[in-house]
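# Topology and contacts: notes
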Amino acid sequence: MTVSLDFARQGDKRNSEFFETYLVRLLEERDRVGLTDLIHEIDALMITVEPGHSIDYVAELALMTPYHYLVTLESEQHLTHILRIDYDSPDLLIREVKDPNTRGIFRSLNEVYPVGSGKPYSRYIGEILRVDNLHEVVRLQREREFRFFNADDVRKLELPGNLAVSKPSPYTHNIVAYLEREPGEPRVYALGVSRIDTLTQEAYEAAKQLQQRLGIQNLLLPIDHLATRVYSQNREVAILEYLSWSSYYYWGSYDIKDQNSSTNVTKSVHSASEFRSPAKVFTANNTPYFVNHLEKLPSPTETFVRNYGPRLHHIAVAVRDGETGGVENIEYVVRSIAEQGKDFLLDVIGSKEEGLKQIFSSASEHSSLIVEYVQRFGDFDGFFAKHNVAELTRAAGVDESLKQLEDSSHG
């Protein structure tokens, strides 16, 4: 039996007694009933984009990441493009609704937020986790009062019919889905008619040719982590909830005091490599927005959540260690992509001495997601440097879309 509490704790953030008590109780019970050993790595990530934007987003990802276009699944109301690196890394499912007047639960999660409502379909939906026995996992989770969409709901939402899909989290607004699959079996998503879409294939091929001309195709590695932003009061419960849905463990939390926030990390108990199952990061303000006028503290994380809603903020892509053209690979990758017109929110930060370098792109116009690049040097196996995280958090807080919102509210 896997013991989820055997992993060393990192970080300096103090948690509440509630968190520390239930962290132990929940993980011990998860191990005891067998869920930890039944639930494995992240098999896929699901993202929705605005109508008419999926081909451009596939091309953007084909340039900025190591992903390849595989196939399109067409159902009555959606196109779902499958992107893959290999079976050792998660797939990406890029979903586009055909009719912009279509309404549904995922759109409604955007519509109550001032920036999110401007792109009602642009959002990260959630992860698909591989499981050994779908029926048993769902039975155990339902006994623990976790809720799933029923088969008719899954059909109406046009999600793959071979998934068990949770209701959206009240804390992150993301779902968790389970897919029964043995490690050697192919990933199959039971949804619609499978075909190679000509326009998507052409856009993908053009992007990969550009990636090769730039000389970055071998420098980009799989996803390192996924970072979700939540309200300050939901930090601890969001972490505990995800640990209950998954087989991840609590790696630890760091207090980023000069940005009035914390970064909280969970990792897979089964996969030492984040490339196989990316770390899940939860970022939250230390204080709620309504005390900012009293404390005069920065509030980039809470501001983001108030404007977009709780959601995934960025996908971090690893960059191979080493140098190209006399500069570190991350610098070479960022310069090459920036020359194609992609904006970044700040310069590359960090250093070889600190162990890693990082940078945020601007948010994608198609999905509203940021791509982070991270290069670790030598045998550095840490997750981040506190100075880096503070700078990244600050930069994301002055993203152009938020500045425009603030300007309009003061006008």
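It should be noted that the structure appears before, not after, this text.
Everything in this summary refers to the structure shown in the same document. Given the structure is predicted, the values throughout are model-derived calculations rather than measurements.

Conventions adopted
Residues numbered from 1 in each chain as written. Predicted model: local features only at pLDDT ≥ 70, side-chain atom pairs only at ≥ 80, totals over all residues. Heavy atoms only, no water. 1 Å grid on protein atoms, 1.4 Å probe; cavity = no way out; pocket = protein on both sides within 12 Å on 5 of 7 lines; lining within 4 Å. Points joined across faces, edges and corners; volume = space filled by probe spheres on them. Helix = DSSP H or I, 4+ residues; strand = E, 2+ residues; numbered from the N terminus. Domains from an automatic or database assignment. Nonpolar A, V, L, I, M, F, W, Y, C, P; charged D, E, K, R; others polar. Phe/Tyr/Trp six-rings, centres within 6.5 Å; stacked < 30°, edge-to-face > 60°.

## Some points on empty space enclosed by the protein
Scanning all chains against the criterion turns up four cavities of 30 Å³ or more. Approximately 110 Å³ is the volume attributed to the second largest cavity. If you go around the second largest cavity, you meet 15 residues; those closest to its centre are S169, T172, N174, V176 and Y242. Those elements that provide at least two residues to the lining of the second largest cavity are β6 (123-131), β8 (175-180), α8 (235-245) and β13 (279-285). The two domains that each donate at least three residues to the lining of the second largest cavity are domain 1 (37-211) and domain 2 (214-410).

## Re the layout of surface pockets
Taken as a whole, the largest pocket spans an internal volume of roughly 390 Å³. K267, A272, E274, R376 and D381 are, among the 23 residues lining the largest pocket, the residues nearest its centre. Elements with a contribution of two residues or more to the lining of the largest pocket: β10 (220-230), β12 (261-268), β14 (311-319) and β19 (370-376). In terms of residue count, the dominant contributor to the lining of the largest pocket is β19 (three residues). Its residues placed into classes, the lining of the largest pocket shows ten nonpolar, six polar and seven charged. For the second largest pocket, the calculated volume is near 320 Å³. Looking at the second largest pocket, it is lined by 16 residues, and the ones nearest its centre are F146, Y171, V237, E241 and W245. Among the elements of the structure, α1 (17-33) and α8 are those that each provide at least two residues to the lining of the second largest pocket. If one sorts the elements of the lining of the second largest pocket by residue count, α8 sits on top with five residues.

## Thoughts on the packing of aromatic side chains
What the rule picks out here adds up to 14 aromatic pairs. Pairing F148 with Y178 gives two aromatic rings, centres 6.2 Å apart and planes at 50°, and the pair type is tilted. Within this pair, whereas F148 is found in the loop between α5 (134-143) and α6 (151-157), its partner Y178 is found in strand β8, the two being separated by 30 residues in sequence. For the ring pair Y242 and Y248, a centre distance of 5.6 Å and an interplane angle of 85° mean the geometry is edge-to-face.

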